[in-house]
Amino acid sequence: MNDPHLKQSILSRTGRASALVLGALALSAGCATSQGPGAEAAPTAGAGASAGGSAAAEPARTNLLKASDFDDNKSLPWTTSFTAPGAGSAEVKNGAYCVTVTNKGANNWDAQFRHREMVIQKGHSYTVQYKAWASSPTKARPKVGMSGPPYEEYWSDTVVLGTSPKTYTGKFSMAKADDPTAELAFHIGGEMASAKEPFEVCIDDIRLDDPEFKSAAAETAAAAPKIAVNQVGYLPGAVKIASVSNAATAPLAWELLDGSGKSVSRGQTRVFGKDGASGDNVHLIDFTAFNAPGEGYVLKVGDEKSFPFDIGAGIYHKLKYDALAYFYHNRSGIEIKMPYAGKPELARPAGHPQDKSTRCLQGSGCDYALDASRGWYDAGDHGKYVVNGGISVWTLLDWYERTKHLGASSADFADGKLNIPEGKNGVPDILDEARWELEFLMGMQVPEGKPLAGMVHHKMHDDAWTGLGTAPHEDKMTRSLHKPSTAATLNVAATAAQCARVWKTVDAAFSARCLKSAERAWAAAKQNPALYAPPGGDKGGGPYDDTDVKDDFYWAAAELFVTTGKPEYKQYLQASPLNARFPTEVDGVASSMNWKVTDALGQISLAIVPGNVDAAWQQQLRNRIVKAADQYLAIAEKEGYRTLVQRTPAGKYEWGSNSFVLNNMVVVALAHDFTKQQKYLDGVVLGMDYLLGRNPLGQSYVTGYGDKPLQNPHHRFWSHQANSKYPSAPPGAVSGGPNSSLQDPHVQSAGLKGCVAQRCFVDHIEAWSVNEITINWNAPFAWVTGFLDEKAKK
């Protein structure tokens with residue numbers, strides 16, 4: 001897998017038993033299956049080879065488990081966890097939850113399945129009962145205990161599973177303090193597993209009963225309205241489209257109701273027909289002609305109504321600041337405090353102060369320590385990666401340069417406009433935020449006098465995975481520098497060159513330091529043009545591997561030329577085959593850029609910044625960007641939910657599909673800057689509509705915005721869903737969104753197998769393959785919200 005966010009066994013570390021701490025265990029006397037570790041549980045009376053006997057004896061309301069049988073073909077919240085080299089998969093088969101182990105790993109916890117989302121309470125007594133069997137005889141180790149360090153256990157057992165279903169029981173009393181994030185897990189790997197791979201373990205009729213527990217009535221999620229709208233609202237003077245899921249083959253009557261319920265506009269839908277990306281039959285409502293500002297508008301078709309929305313010029317004004325606040329919240333090495341945190345629960349001590357002296361990973365070939373403090377945490381974990389930081393900081397600086405040379409909203413990002421500690425220091429706040437990352441990026445450069453001087457270390461992160469419910473200051477894991485790479489070096493060459501020109505009139509000394517770092521990096525990369533990050537996941541971090549760096553060389557040369565005007569960089573650009581076109585395909589997706597494919601970034605800088613690029617060349621580049629924008633508008637015309645990304649030839653949405661929408665929106669927005677044509681502004685609006693709810697799930701993919709906002713992104717600190725002591729995410733974070741490949745155990749257990757592309761999503765903290773948040777996704781989100789807010793003011 002090439003996506004760095006596919007951090008293998010990303011959650012496995014939260015189920016690992018680092019020590020068999022049984023201090024809380026108080027097994028009930030007289031239990032027929034009173035076991036200690038290593039003892040086989042006796043089958044209960046009546047249990048045998050038949051699967052017909054039910055294990056349910058107590059009333060269902062005393063059962064803590066949310067899934068006890070699997071007759072509905074779903075298994076959530078049961079999920080698997082495999083720690084490399086452990087590997088396998090799970091599925092519901094004939095009403096049982098079955099886990100296939102293809103590699104049992106070295107430790108018993110390297111292959112496991114588990115149920116979380118329950119509380120084990122002090123002084124309560126519990127009964128465990130389940131039916132289990134295997135494809136060939138093997139051992140299993142069920143346990144109830146902590147889901148994270150120090151992995152204390154309240155009950156455990158070791159059982160020998162045969163090939164016929166048997167029912168097993170166990171009892172314990174809880175002597176420790178309440179555990180609000182406990183898990184029931186089955187370890188089936190390592191030397192304990194006697195079966196030869198591949199083997200299968202199945203469970204059914206499983207219960208964890210507490211006589212004092214009274215389960216709440218099951219909550220049924222409300223179905224999304226059949227009329228999908230941008231739940232934040234629409235801009236006067238721009239396109240206004242809603243999508244309706246309806247199988248009718250003839251147009252339908254629609255009404256627009258104001259906040260009082262009065263009909264203020266009406267018309268007929270346009271039949272779009274079958275939409276491949278959603279599986280829906282779609283109609284379109286076009287109410288572009290209605291521009292009266294107001295709140296609480298609702299669209300109505302028959303008895304169906306949309307979520308309410310506003311029409312107004314200020315709908316994105318706060319959102320653009322919330323999108324940028326994401327970066328302050330995810331700063332490393334600084335206390336996040338009030339009033340800048342927004343809410344007291346989002347404040348925290350400085351994270352990872354030890355990064356100021358980060359040593360090289362053992363065996364990486366270097367023997368020194370660097371100051372790798374500052375910077376932004378990459379995504380849901382606490383790693384910091386140069387190649388993802390590069391495109392992220394470039395995007396913020398590109399927005400600054402775009403507003404300076406093409407836009408009209410620079411004042412909105414000036415000193416004192418963002419809620420950050422550096423306010424009122426005489427420097428535009430957006431530059432203060434970007435500098436926090438730039439200091440980290442340049443700090444990763446190999447010092448003079450050391451092997452590979454001038455090259456840049458690829459990444460730094462924990463030496464092993466941490467669990468959900470970990471604030472940065474609580475992470476005590478050793479953190480290390482990883483080997484330098486050509487890609488990381490060129491990212492620093494590019495962004496430091498960009499820094500040099502941006503800060504030239506702001507802070508001349510910092511500008512000079514940036515240029516020196518950029519030119520050192522360029523020279524080092526030329527000497528080491530094929531030093532690649534290794535593929536595959538490291539413990540504690542993703543690989544971000546890239547073995548084609550021609551695009552990175554182009555990007556770095558472009559930024560250096562725009563900044564210095566030196567002929568050597570211009571000659572490199574004009575000799576590159578990448579100079580002949582503006583890219584519109586990234587790893588099989590119709591898009592222009594991501595962290596791995598970066599030559600478009602260089603061309604955008606060449607197209608925006610005046611001075612060293614001659615007018616004819618700059619116009620040629622702008623024309624190519626406009627042509628790419630036309631391709632993205634053509635995609636939207638073929639989509640029932642009018643988004644700017646299409647399925648791959650295999651019919652899929654890839655990891656971070658929303659990021660491709662966002663990056664395509666940036667290209668379309670630039671086309672509007674270059675041409676002033678309304679269709680490009682409308683194209684950006686269409687992309688934002690999709691992200692804020694005009695999609696088949698009726699899901700706003702942004703925290704804090706819409707009637708159905710994103711609530712549970714995958715994040716170590718914003719982990720309230722996993723552990724109530726931690727806060728929920730602040731407003732303004734955008735999710736990666738639908739992903740057909742469903743790589744994490746949670747979505748694999750959610751009944752999404754075979755999902756249609758736009759429906760491959762669930763808003764859950766453990767659904768990291770569809771619901772992660774990252775700096776390189778929030779950066780273009782901040783860019784496009786700033787663009788739309790600027791255009792609304794004209």
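Above this note sits the structure.
Residues numbered from 1 in each chain as written. Predicted model: local features only at pLDDT ≥ 70, side-chain atom pairs only at ≥ 80, totals over all residues. Heavy atoms only, no water.

Trainee: Sorry if this is basic, but what is going on with the overall build of the chain here?
Mentor: Looking only at helices and strands, the chain has 14 helices and 29 strands in total. A compact globule built from 794 residues would reach a C-alpha radius of gyration of about 28 Å, and the chain, at 28 Å, matches this within 12%. By principal-axis analysis of the C-alpha atoms, the chain measures approximately 85 × 75 × 45 Å. Among the 794 residues that make up the chain, the fraction classed as buried is 61%. Within the chain, residue pairs in contact and separated by at least 24 positions form 73% of the contacts whose partners lie at least 6 positions apart. By element, 51% of the accessible surface of the chain is carried by carbon and sulfur atoms, the whole surface being about 28200 Å². Looking at charge distribution, the chain has the averaged site of its 79 positive side-chain charges lying 2 Å from that of its 84 negative ones. (Helix = DSSP H or I, 4+ residues; strand = E, 2+ residues; numbered from the N terminus. Rg over C-alpha atoms; globule rule 2.2 N^0.38 Å. Buried < 20%, exposed > 50% of the residue type's maximum accessible area, 1.4 Å probe, protein only. Contact = heavy atoms within 4.5 Å. Areas by Shrake-Rupley, 256 points an atom, 1.4 Å probe, with all protein chains shown as cover. Lys, Arg positive; Asp, Glu negative; His and termini not counted. Charge placed at Lys NZ, Arg CZ, Asp CG, Glu CD.)

Trainee: Can you walk me through the sheet that holds strand 15 (residues 241-245) in this structure?
Mentor: Backbone hydrogen bonds are what pair the strands of a sheet, in a parallel or an antiparallel way. If you walk across this open sheet you meet the 4 strands as 13-15-19-18, and the pairing is antiparallel. Across the chains shown, the open sheet's two edge strands, defined by having one partner strand only, are strand 13 (227-228) and strand 18 (270-274). Both strand 13 and strand 15 contribute to a ladder of 2 bridges, which runs antiparallel. For Ile227, the partnering residue across the bridge sits in strand 15 and is Val244. (Pairing = 2+ DSSP bridges.)

Trainee: Please explain the packing of aromatic side chains as it appears in this structure.
Mentor: Ring pairs (aromatic) are described by centroid distance and by the angle formed between their planes. If you walk through the whole model with that rule in mind, you get 35 aromatic pairs. Arranged with centres 5.2 Å apart and planes meeting at 75°, the rings of Tyr234 and Phe309 form a pair that is edge-to-face. Residue Tyr234 is located in strand 14 (residues 233-234), and its partner Phe309 is located in strand 22 (residues 309-311); the two are separated by 75 residues in the primary sequence. Accessibility classification places Tyr234 together with Phe309 in one group, the buried group. Judged by centre distance (5.3 Å) and plane angle (85°), the rings of Trp522 and Tyr572 are edge-to-face. Separated by 50 residues along the polypeptide, Trp522 in helix 5 (residues 508-527) and Tyr572 in helix 7 (residues 567-575) bring together distant segments of the chain. Cluster of aromatic residues (ring-pair linked, three or more members): Phe70, Trp78, Tyr97, Phe113, Tyr130, Tyr168 and Phe186. Cation over ring: Arg435 sits above Phe510, and NZ or CZ is 3.7 Å from the ring centre. (Phe/Tyr/Trp six-rings, centres within 6.5 Å; stacked < 30°, edge-to-face > 60°. Lys NZ or Arg CZ within 6 Å of the ring centre and 35° of its normal.)

Trainee: Just to check I follow, could you spell out helix 10 (residues 657-675) for this structure?
Mentor: Given 3.6 residues per helical turn, the α-helix brings residues three or four places apart onto the same face. For helix 10, spanning 19 residues, the distance from its first C-alpha to its last is 27 Å, which sits close to the expected 27 Å at 1.5 Å a residue. Counted residue by residue, helix 10 has 18 buried out of 19 residues, so it is predominantly covered. After helix 10 finishes, the residue Lys676 shows a positive phi value of roughly 65°. (Expected span 1.5 Å × (residues − 1).)

Trainee: Can you walk me through the pairing of strand 18 in this structure?
Mentor: The side chains of a regular strand alternate between both faces of the sheet. As defined by bridge partners, strand 18 adjoins strand 19 (residues 281-286) across 4 bridges and the pair is classed as antiparallel. Paired with Val271 across the bridge in strand 19 is His283. What sits between the antiparallel neighbours strand 18 and strand 19 is a turn of 6 residues, in which Gly279 has the positive phi angle 80°.

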